Amino acid sequence: MEVILAKTAGFCFGVQRAVDTVHTQIKEGTSPIYTYGPIVHNETVVKELEAQGVRVLNTKEELLNLTEGTVIIRAHGVGKEIYDLMEQKGIRLIDATCPFVRKIHRIVQKEEAEGRQILIIGNARHPEVEGIRGWCRTPSFVVESVEEAQNFTIGAGEKLCIVSQTTFNYKKFKDLVEIISKKGYDIIVLNTICSATEERQTEARQIASRVDAMIVIGGSHSSNTQKLFEICKKECENTYHIQELEDLDLKSSQSIRCVGITAGASTPKKIIEEVQKHVGIKF
Ligand code: F3S
């Protein structure tokens, strides 16, 4: 029996780095430790960290009420206001913002200083987009749909800089940029989409196309896991979506010689390894 584990399964580089940052602080005996928002969208991970004394701050008000401790900024990043606030309060800040997101913060600061208005292609309610907007001194714009792109206007003669939320779909980004480009503004476009999601999907597709059964691990509400499942199912009829090892009900069969495994972006390595080990032993 051969088990093929996708190299890109689970956390991307930025999320892994943020989770590692929290573990390092725990090991160093830092206390109390807070994360500004859950460090990863996975309840098991957050609960495990909570058991080790890591508390989640969910709102700016909770941050305002802090008088001591260390606050870790997660991979999505935050606006400048939060950094300033912590500095004023004298609270220790550890920045685990993904470097790819930090790069967008720097781009919007620079382009705005050079006289361009900022337009972000993404979801206005997503914390990453809120954080990027928080690095603009003047009001920025967010466009997510074709309709919003069609309705988008700025004053004649104004200059524009377009960036993207890191997890936005490339094709959709291109389509929206094309609509806005036709409006005749002076525009520069910087594609700031991160390749992690696409690489995970491409690898899942490749593996699923050559195995007898494919396992996709991830939360039932996770949209990127659902997408991975759909991609794999197209290539391999025998595709299973599980949240954890207990959900796995692989019928052991003579015809299964090779099993592939991938996982959504918020699935911890521990769960992936458990499944990998179990599949390896069972067959
Ligand atoms: Fe992850 Fe950073 Fe890309 S958080 S999805 S590696 S932008």
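Throughout what follows, the structure given in this document is the object of discussion. (Residues numbered from 1 in each chain as written. Predicted model: local features only at pLDDT ≥ 70, side-chain atom pairs only at ≥ 80, totals over all residues. Heavy atoms only, no water.)

## Re unusual backbone geometry
- Here the residue pair S31 and P32 is connected by a cis peptide bond, since its omega of -10 degrees sits within 30 degrees of zero.
- As for its placement among the helices and strands, P32 is situated in the loop between helix 1 (13-27) and strand 2 (33-36). (Helix = DSSP H or I, 4+ residues; strand = E, 2+ residues; numbered from the N terminus.)

## A look at the pairing of strand 2
- Residue alternation in strand 2 divides its side chains into two sets, I33 and T35 and Y34 and Y36, and both sets are buried.
- Where strand 2 lies against strand 3 (residues 54-57), four bridges are found, and the strand directions are parallel. Its bridge partner being in strand 3, Y34 is matched across the sheet by R55.
- In terms of handedness, the path from strand 2 via helix 2 (residues 43-51) over to strand 3 forms a crossover that is right-handed.
- Bridge count between strand 2 and strand 4 (residues 70-73): four bridges; the pairing is parallel. Looking at strand 4, one finds that I33 is bridged to T70. (Buried < 20%, exposed > 50% of the residue type's maximum accessible area, 1.4 Å probe, protein only. Pairing = 2+ DSSP bridges. Right-handed = clockwise from strand over helix to strand, strands pointing away.)

## As for the packing of helix 9 (residues 196-208) against helix 10 (residues 223-235)
- One way to put it is that helix 9 packs onto helix 10 with a least axis distance of 8 Å and a crossing angle of 30 degrees. In terms of orientation, helix 9 and helix 10 fall into the roughly parallel class. Crossing of helix 9 against helix 10: the hand is right-handed. For the pair formed by helix 9 and helix 10, the contact residues are R200, Q201, A204, R205 and A208 on the first element and N224, K227, L228, I231, C232 and E235 on the second.
- Residue composition of the contact of helix 9 with helix 10, grouped by class: five nonpolar, two polar and four charged. (Axes fitted to C-alpha atoms, helices over the stretch in contact; angles between N-to-C directions. Parallel < 35°, antiparallel > 145°, perpendicular 65-115°, else oblique. Left-handed = near helix turned anticlockwise from the far one by under 90°. Contact = heavy atoms within 4.5 Å. Nonpolar A, V, L, I, M, F, W, Y, C, P; charged D, E, K, R; others polar.)

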